[in-house]
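Structural features, examined
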Amino acid sequence: MTDTHLDGNALGALLIDLFGQEMTNQNGCCDACGAINPLGRTVVYRDAPGDVVRCSDCGAVLMVAVRTETRLRVSIQSLRWIDLPT
Amino acid sequence: MERTAVRGRLNWIVAEVVELIDETETVKSIVFDCPEWRGHLPGQHVDIRLTAEDGYQAQRSYSIANPPTGEKVVVTVELVDDGEVSPYLIGELAVGDQIELRGPIGGYFVWTSEHGGPLLLVAGGSGVVPLMAMIRAWAESDRQVPVRLLTSARSWETLIYRDELRRLDSSLDNLEVAHTLTRAQPADWQGYSRRVDQQMLAETSWPATERPLGFVCGPTGFVETVAASLVALGHAAARIKTERFGPSGG
């Protein structure tokens, strides 16, 4: 089923929880292909118990976020860097 | 316009329902009075949280429909039959009720007049909601940026904001509105009657040489088709911003 994915816009609240500021317009670099895109452009799969965030260019898994009742576990995978406004 | 960064987690705040507007048979706009609201930008969304008596909570994201003026927050909600949140918002919520929301959320799928244009807006179904916030903000601006909107709906009756769009389209220069009705059309229908395709986009959108700024919002399949078609027409992918509605939208 290819019709179930969302995009990085859906990560807005999660990224604010993580970074304390709006992040979807900030750039991230995929470690697999080197593509640089705003985080809002990523491809997000919610079928899994958490959010699987993939590169919009090559599909590599950039990060996985799993929320339980008490914890938010974020696994950074193929995300080489992200920019934050200072 | 860069919003001043406010660090920290998003807090849930209480908002009171002050008006309910029937948009279609299955779509309502909910107007919240929200004294703690610190403003928003067109294209942003809010999370709405419902708490049951036993403590069970469900939350969903909804695009903000109103332009960023005042303490009001307006969301337009489509009923999802097997949804957890929308049946309550559409069927149970009454004026005077209080509800929890948090936001605004989003910085990528956002347009203000400072972003410029020409503006190319393409909506599938309730994907028109964040684009309407942009059009309403644009209508309140100096309207120097030319705007073209293409919406896709199943029928005229299910087309959200149809009367307001018709009024704006006929009264404001620099705005062109086109509709396609994919399943049923009025007898005198002069718009399109098929799913959005590359030919329709070529006829209704700006040529790629104009370098428009595009916002595409709708169900995932719709967004993918439109974005791919626009790129095939020569538009730079980075100038086409997309927002997909998922199956958990209910």
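The numbering scheme is per chain: residues are counted from 1 as the chain's sequence reads. Throughout, the order in which chains and ligands are written sets their labels, letters from A for the former and numbers from 1 for the latter. Residues qualify for local features only when their pLDDT is at least 70, as the model is predicted, and side-chain atom pairs are given and counted only at 80 or more; totals for whole chains, interfaces and linings, by contrast, use all residues. Heavy atoms throughout the structure, all of them, feed into the side-chain values; hydrogens and water do not.

On to the environment of Glu19(B). Residue and element names in this part refer to chain B. In this structure, Glu19 sits in strand 1 (residues 13-24). Type-normalised accessible area, obtained with a 1.4 Å probe on protein chains alone, sets the label of each residue: buried when under 20%, exposed when over 50%, and partly exposed for intermediate values. For Glu19, a relative accessible area of 40% corresponds to the partly exposed category. Between the alpha carbons of Glu19 and Val74 there is a distance of 9.3 Å; along the sequence they are 55 residues apart. The contact criterion used throughout is that any non-hydrogen atoms of two residues lie within 4.5 Å. Excluding its chain neighbours within four sequence positions, the residues that come into contact with Glu19 are Ser29, Ile30, Val31 and Val95. To qualify as a helix, a DSSP run of H or I must reach at least 4 residues; to qualify as a strand, a run of E must reach at least 2; elements of each kind are numbered from the N terminus.

Take the confidence of the model for chain B next. Residues and elements named next belong to chain B. Averaged over every residue, the pLDDT of chain B is 93; residues scoring 70 or more account for 95%. A score between 0 and 100, pLDDT records how confident the predictor is in each residue. Predicted confidence is poor over residues 1-5, with pLDDT under 50, and the contacts of this stretch with residues over four places away or in other chains come to 9 contacts. Under the prediction, the complex receives an ipTM of 0.91, its pTM being 0.93.

The subject of this paragraph is the sheet that holds strand 8 (residues 147-153) of chain B. Residues and elements named next belong to chain B. Paired strands, as defined in this entry, are two strands with at least two bridges between them according to DSSP. Taking strand neighbours across the sheet as the criterion, the 5 strands line up as 9-8-7-10-11 in an open arrangement whose pairing is parallel. Either end of the sheet is taken by a strand with one partner, and the two such strands are strand 9 (175-181) and strand 11 (240-245). Averaged over all neighbouring strand pairs, the angle between strand axes comes to 10°, with direction disregarded. Note that strand 7 (residues 119-124) and strand 10 (residues 213-219) share 5 bridges and pair parallel. Residue pairing across strands places Leu119 opposite Leu213, the latter belonging to strand 10. Lines are fitted to the C-alpha atoms to define the axes, a helix being fitted only along its stretch in contact, and any angle between axes, read from their N-to-C directions, falls within 0 to 180 degrees. Strand contacts of helix 2 (residues 128-140): strand 7, strand 8, strand 9, strand 10 and strand 11, with the helix running at about 145° to strand 7, the strand carrying the most contacts. Contacts between helix 5 (residues 220-232) and the sheet are confined to strand 7, strand 8, strand 10 and strand 11, with strand 10 contributing the most and set at about 150° to the helix.

For chain A, per-residue confidence averages 92 on the pLDDT scale, and residues scoring 70 or more make up 97% of the total. Mean pLDDT per element in chain A: helix 1 (residues 12-19) of chain A is the minimum at 91, and strand 2 (residues 27-30) of chain A is the maximum at 98.

All names here are of chain B. It is at 12 Å that the axes of helix 2 and helix 3 (residues 162-171) come closest, and there the two elements cross at 35°. Note that helix 2 runs across helix 3; the crossing there is left-handed. Contact residues: Met132, Ile135, Arg136 and Ala139 in helix 2; Glu164, Leu165 and Leu168 in helix 3. Classification convention: Asp, Glu, Lys, Arg as charged; Ala, Val, Leu, Ile, Met, Phe, Trp, Tyr, Cys, Pro as nonpolar; all other residues, Gly among them, as polar. Taken together, the residues of the contact of helix 2 with helix 3 sort by class into 5 nonpolar, no polar and 2 charged. For any pair of crossing helices, the crossing counts as left-handed if the nearer helix is rotated counterclockwise from the farther one by less than a right angle, and right-handed if it is rotated clockwise.

A word on the interface of chain B and chain A. Contact with chain B, which involves 27 residues of that partner, is made by 20 residues of chain A. As used here, buried area is the combined drop in accessible area, with a 1.4 Å probe, of two parts when they are placed together. Summed over both sides, the interface between chain B and chain A buries roughly 1900 Å², with carbon and sulfur atoms accounting for 47% of that surface. Salt bridge, as used here, is a side-chain nitrogen of Lys or Arg placed within 4 Å of a carboxyl oxygen of Asp or Glu. Residue Arg244(B) pairs with Asp7(A) through a salt bridge whose shortest N-O separation is 3.1 Å. Under this definition, polar contacts are N or O atom pairs within 3.5 Å; protein pairs additionally need one hydrogen-donor-capable and one acceptor-capable atom, and for neighbouring residues in sequence, both atoms have to be side-chain atoms. The interface formed by chain B and chain A includes 11 residue pairs in polar contact (both at pLDDT 80 or more). With 6 residues, the single largest contributor to the side of chain B that touches chain A is strand 11 of chain B. The class makeup of the residues in the side of chain B that touches chain A is 11 nonpolar, 8 polar and 8 charged.

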